[in-house]
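Reading the structure
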Amino acid sequence: MNKVQSKFTRPKGMDHESSSNLYVANCGPAVGISFDNIESVFSTFGKVIGVHAADETGTRVIVCFHEILGGDSLPVCLSASELAIPGIYLVHEFITLKEEKELLAEVDARPWKRLSKRKVQHYGYEFLYETRNVDSKQFLGELPSFVSHILKKIMSFPGLDDDRSKQVDQLTVNEYPSGVGLSPHIDTHSAFDELIFSLSLAGPCIMEFRRYPQGTFTAIGNNPQQLSNFTRKAIFLPPRSMLLISGEGRYAWHHYIPHHKVDTVGGHVVRRSSRRVSFTFRKVRKGPCCCEYKQYCDSQKNAIRAMFATENTKQRRAGHIITCNT
């Protein structure tokens, strides 16, 4: 493996072309990651033919693959029916251009909370990123009046018959700068009810869905990116579209927004806008989740652990010990 220092530049006019060379920051000997380790990790994505220092800091590298990255790009669906994941629905032009501008003006007139790569606002209940949950006892107040017409439209969302299930009480507004995405995750089962509505504003994106092997519990405690055996599907979310994630799609599929500035949709290059804003509407769950997807459910996983802990205590007192391999 070639580990000499080397400088790479992209030829002029090739800014949006695919490349077999991948620039990786916060990675290298200066942060305790050897070139051999880097090669081992990235070889899961393709044959690595070289790892080079990108500069003199020891914290940035260029990983060179045998083939151009993205050569087997994931097909991007334009509709939920094409995506074919149970519980996923997409409505284009859910709001008008005028309504979109009004919603953006409303949130831009209010204070944002800064995270590491994006900004957020919370209404109803604050989402706690450290625990990926909410404190249901800390009610922030009713959802703002500027989304009242959105809530009415949600009540008439196609394919859903139970109006009570569509009542939401929590809103998270995210602002993503160009190139910033979202790590793969399942919204915590114990935090929110089944229906999750996501309205895209200002710019488009591709959302990828990943289904990990049956029996692999990845909802809490594990990093899904460490697993390579999974099913992938992707859908294009244009501005003003409303995405509903429910059922199997909500409980068993991770959703993920790749960190790209440029996406390829149907053979066409789609550049992301300078910002994308999403309004995510959810209902805070008041009790444990009892869904059928137990291997992804933190409520049921925790219940199993508690049951074994109680049984272990009883067995210890009786002079016997049992183990829980969950």
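Residues numbered from 1 in each chain as written. Predicted model: local features only at pLDDT ≥ 70, side-chain atom pairs only at ≥ 80, totals over all residues. Heavy atoms only, no water.

Let us look at helix α1 (residues 35-42). Among the residues of α1, those classed as buried are F35, I38 and F42. Buried residues of α1, seen end-on, are gathered within an arc of 55 degrees and therefore sit on one face of the element. Turning to α1, the residues buried within the fold contact β1 (21-25), β2 (48-53) and β3 (60-65). (Buried < 20%, exposed > 50% of the residue type's maximum accessible area, 1.4 Å probe, protein only. Helix = DSSP H or I, 4+ residues; strand = E, 2+ residues; numbered from the N terminus. Arc of directions from axis to C-beta. Contact = heavy atoms within 4.5 Å.)

Scanning the entire structure with this criterion turns up seven aromatic pairs. Among the aromatic residues, those joined into a cluster by ring pairs are F127, Y129 and F192. A cation sits over an aromatic face here: K153 above F94, 5.8 Å from the ring centre. Between R282 and the ring centre of F192, over which it is positioned, the NZ or CZ distance is 4.2 Å. (Phe/Tyr/Trp six-rings, centres within 6.5 Å; stacked < 30°, edge-to-face > 60°. Lys NZ or Arg CZ within 6 Å of the ring centre and 35° of its normal.)

Here the focus is the nonpolar core. Grouped together as the largest cluster of nonpolar side chains are 27 residues, with contacts concentrated most on M207, F209, I235 and L243. Contributions of two or more residues to this core are made by α2 (80-83), β5 (88-91), β13 (205-211), β14 (231-237) and β15 (242-245). Among the elements that make up this core, the one with the highest residue count is β13 (three residues). Those residues within four positions of L243 in sequence are excluded, and the remaining contacts are I88, Y89, L90, I196, F197, S198, M207, F209 and L237. Counting residues in hydrophobic clusters, the runner-up holds 26 residues, among them L104, L143, V168 and V277. (Core = buried A, V, L, I, M, F, W, Y, C linked by side-chain atoms within 4.5 Å.)

Under the definition given, this model contains one cavity of 30 Å³ or more. The volume enclosed by the largest cavity comes to roughly 80 Å³. (1 Å grid on protein atoms, 1.4 Å probe; cavity = no way out; pocket = protein on both sides within 12 Å on 5 of 7 lines; lining within 4 Å. Points joined across faces, edges and corners; volume = space filled by probe spheres on them.)

A complete count under the given rule lists 17 salt bridges for this structure. Among the salt bridges present, the one from R60 reaches D55, with a minimum N-O distance of 2.9 Å. Among the residues examined, D55 registers a relative accessible area of 19% and is labelled buried. In this structure, E100 and R240 form a salt bridge, with 2.9 Å as the shortest nitrogen-oxygen distance. Residue E100 is located in helix α3 (residues 97-108), and its partner R240 is located in the loop between β14 and β15; the two are separated by 140 residues in the primary sequence. Taken individually, E100 and R240 each receive the classification buried, so the pair is uniform in this respect. (Salt bridge = Lys/Arg side-chain N within 4 Å of Asp/Glu carboxyl O.)

Bringing α3 into the picture now. Over its twelve residues, α3 runs 17 Å from end to end, which matches the ideal 16 Å to within 8%, given 1.5 Å per residue. Along α3, the residues classified as buried are E99, E100, L103, L104 and V107. Projected down its long axis, α3 shows its buried positions confined to an angular sector of 135 degrees, all on one face. Facing away from the buried side of α3 by more than 90 degrees, the exposed set consists of K98 and K101. (Expected span 1.5 Å × (residues − 1).)

This paragraph deals with unusual backbone geometry. The backbone phi angle of N26 is positive, close to 55 degrees, even though this residue is not glycine. Inspection of the secondary structure assignment puts N26 in the loop between β1 and α1.

On the basis of which strands lie adjacent, the open sheet formed by five strands has the order β4-β14-β13-β16-β11 and mixed pairing. Across the chains shown, the open sheet's two edge strands, defined by having one partner strand only, are β4 (76-77) and β11 (182-185). As defined by bridge partners, β13 adjoins strand β16 (residues 254-257) across three bridges and the pair is classed as antiparallel. Paired with F209 across the two strands is H255, which belongs to β16. (Pairing = 2+ DSSP bridges.)

Interpretation note: all reported values are geometric properties and have no functional meaning in isolation.
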